[in-house]
Amino acid sequence: MTLLSSVFAAVICTVIWYKNAPKSEMKVGILCWMYWGASLMWLIDAVFEYAELGAEYFTPAPGDMLNDFFLGLSVVALGLVIWLVILLVKDPKGVIKEAIFKKKEK
Amino acid sequence: MACFLVSAAEAVVTTIAAKAIEKKEKEQPELKISFDGTTVETVSKIPFSRKLKWLSRMLWGGSVLLMFEHIWHGEVVPFFPFLTAAGNPEDAAEMLHEMATVGVCMALLVTAVWLGMVIVSAAIEKRAVKEAKKLASSEN
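1. Overview of the overall build of chain B
Item 1. Across its full length, chain B holds three helices and two strands.
Item 2. Put simply, chain B runs from its N terminus to its C terminus through helices and strands in the order α-β-β-α-α.
Item 3. Relative to the 2.2 N^0.38 estimate, which gives 14 Å for 140 residues, the radius of gyration of chain B is 22 Å and therefore markedly larger than a compact globule would have.
Item 4. Projected onto its principal axes, the C-alpha positions of chain B cover 75 × 25 × 20 Å.
Item 5. When burial is assessed residue by residue, chain B has 34% of its 140 residues classed as buried.

2. Considerations on a positive patch on the surface
Item 1. On the surface, a cluster of positive charge is contributed by Lys90 of chain A together with Lys19, Lys23, Arg50 and Arg57 of chain B.
Item 2. Counting only elements with at least two residues in the positive patch, the list comes to α1 (4-24) and α2 (48-72) of chain B.
Item 3. Along the chain, lysine 90 of chain A turns up in helix α3 (residues 62-90).

3. Quick notes on a nonpolar patch on the surface
Residues and elements named next belong to chain A.
Item 1. A cluster of nonpolar side chains, Met1, Leu4, Phe8, Ile12, Ile16, Met65, Phe69 and Leu73, forms an exposed patch at the surface whose accessible area comes to about 740 Å².
Item 2. Elements with a contribution of two residues or more to the nonpolar patch: α1 (2-20) and α3.
Item 3. Assignment of secondary structure puts leucine 4 in helix α1.

4. Observations concerning α1 of chain A
All names here are of chain A.
Item 1. Along its 19 residues, α1 runs 27 Å from first to last C-alpha, staying within 8% of the 27 Å computed at 1.5 Å per residue.
Item 2. Buried within α1 are the following residues: Thr2, Ser5, Ser6, Ala9, Ala10 and Cys13. Angularly, the buried residues of α1 cover 130° about the axis, an arc narrow enough to put them on a single face. Opposite its buried face, α1 presents the exposed residues Phe8, Ile12, Val15, Tyr18 and Lys19, each directed more than 90 degrees away.
Item 3. In this fold, the buried residues of α1 make contact with α2 (28-53) and α3.

5. Notes on the confidence of the model for chain B
For residues with low pLDDT, the predicted coordinates do not support detailed interpretation.
Item 1. Averaged over chain B, the pLDDT score is 89; the fraction of residues at 70 or greater is 99%.
Item 2. Put simply, strand β1 (residues 30-33) of chain B is where chain B has its lowest mean pLDDT, 75, and α2 of chain B is where it has its highest, 96.

6. Thoughts on the interface of chain B and chain A
Item 1. Across the contact, 23 residues belong to chain B and 20 residues belong to chain A.
Item 2. Both sides of the chain B and chain A interface together cover about 2,100 Å² of buried area, and 86% of this is carbon and sulfur.
Item 3. Linking chain B with chain A are zero salt bridges, by the criterion used here.
Item 4. For the pair chain B and chain A, the interface holds two residue pairs in polar contact (both at pLDDT 80 or more).
Item 5. Breaking the side of chain B that touches chain A down by element, the ones donating at least two residues are α2 and α3 (89-139) of chain B.

Criteria and thresholds
- Residues numbered from 1 in each chain as written.
- Chains lettered and ligands numbered in written order.
- Predicted model: local features only at pLDDT ≥ 70, side-chain atom pairs only at ≥ 80, totals over all residues.
- Heavy atoms only, no water.
- Helix = DSSP H or I, 4+ residues; strand = E, 2+ residues; numbered from the N terminus.
- Rg over C-alpha atoms; globule rule 2.2 N^0.38 Å.
- Buried < 20%, exposed > 50% of the residue type's maximum accessible area, 1.4 Å probe, protein only.
- Patch = residues over 30% accessible without salt bridge, like charges linked within 9 Å, V, L, I, M, F, W, Y side chains within 5 Å.
- Areas by Shrake-Rupley, 256 points an atom, 1.4 Å probe, with all protein chains shown as cover.
- Salt bridge = Lys/Arg side-chain N within 4 Å of Asp/Glu carboxyl O.
- Lys, Arg positive; Asp, Glu negative; His and termini not counted.
- Charge placed at Lys NZ, Arg CZ, Asp CG, Glu CD.
- Expected span 1.5 Å × (residues − 1).
- Arc of directions from axis to C-beta.
- Contact = heavy atoms within 4.5 Å.
- pLDDT = per-residue confidence, 0-100.
- Buried area = accessible area lost by both parts, 1.4 Å probe.
- Polar contact = N/O pair within 3.5 Å; in protein donor to acceptor, adjacent residues only side chain to side chain.

Now the structure itself:
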């Protein structure tokens with residue numbers, strides 16, 4: 001479930017990035033790298049788990065599945081928070097600067 | 001247990017390497033390419049340091065999110081020794097084994113995917129230059 005959540009997040013972010021490219025005002029690329037990196041790593045985790053459990057891997061207990069789904073959602077949320085912090089710090093549209101510094105009227 | 005540490009270590013190395021390469025890199029040569037096969041445009045090549053940043057971003061992102069998963073499962077704690085498995089020798093040995101197998105495979109897969117991206121981007125570059133040359137020769 002964690003792998004699935006991160007793969008879906010990665011695919012959605014990549015589609016949004018592609019749709020807005022070459023503009024990168026919202027820095028969606030950061031989310032793409034983050035979710036794809038995590039998806040690849042969880043894929044390896046899943047392969048090792050499958051090698052250990054066999055077909056049982058695909059029939060998790062409902063409780064485990066719910067916990068994994070909750071974790072997956074939390075991971076996606078954490079990724080979004082990291083992205084938002086980077087976006088606000090880099091401030092590519094200058095919105096934060098404009099909010100902090102008031103332009104002098106002539 | 002601590003498999004993400006291998007990727008995190010690689011992320012540190014690639015970040016430092018990208019910064020060092022970026023400093024040494026000269027301005028990239030201009031290329032004439034064709035995006036759509038009908039017009040020729042002048043662009044500059046993507047420097048290697050930028051391509052290396054793709055890898056470090058994937059590694060950092062993956063490592064941070066996996067670290068969160070380990071915190072969730074109680075395998076990483078905010079006090080010494082930070083990794084619960086490091087508390088006793090038996091668990092520590094298991095953790096090192098997991099790092100050597102799962103952790104190394106994770107880092108290898110991310111690096112392999114990045115290598116694939118670098119190869120594909122080089123092929124796209126070559127094809128665009130070729131198309132531009134073809135267009136230029138047909139115009140002459």
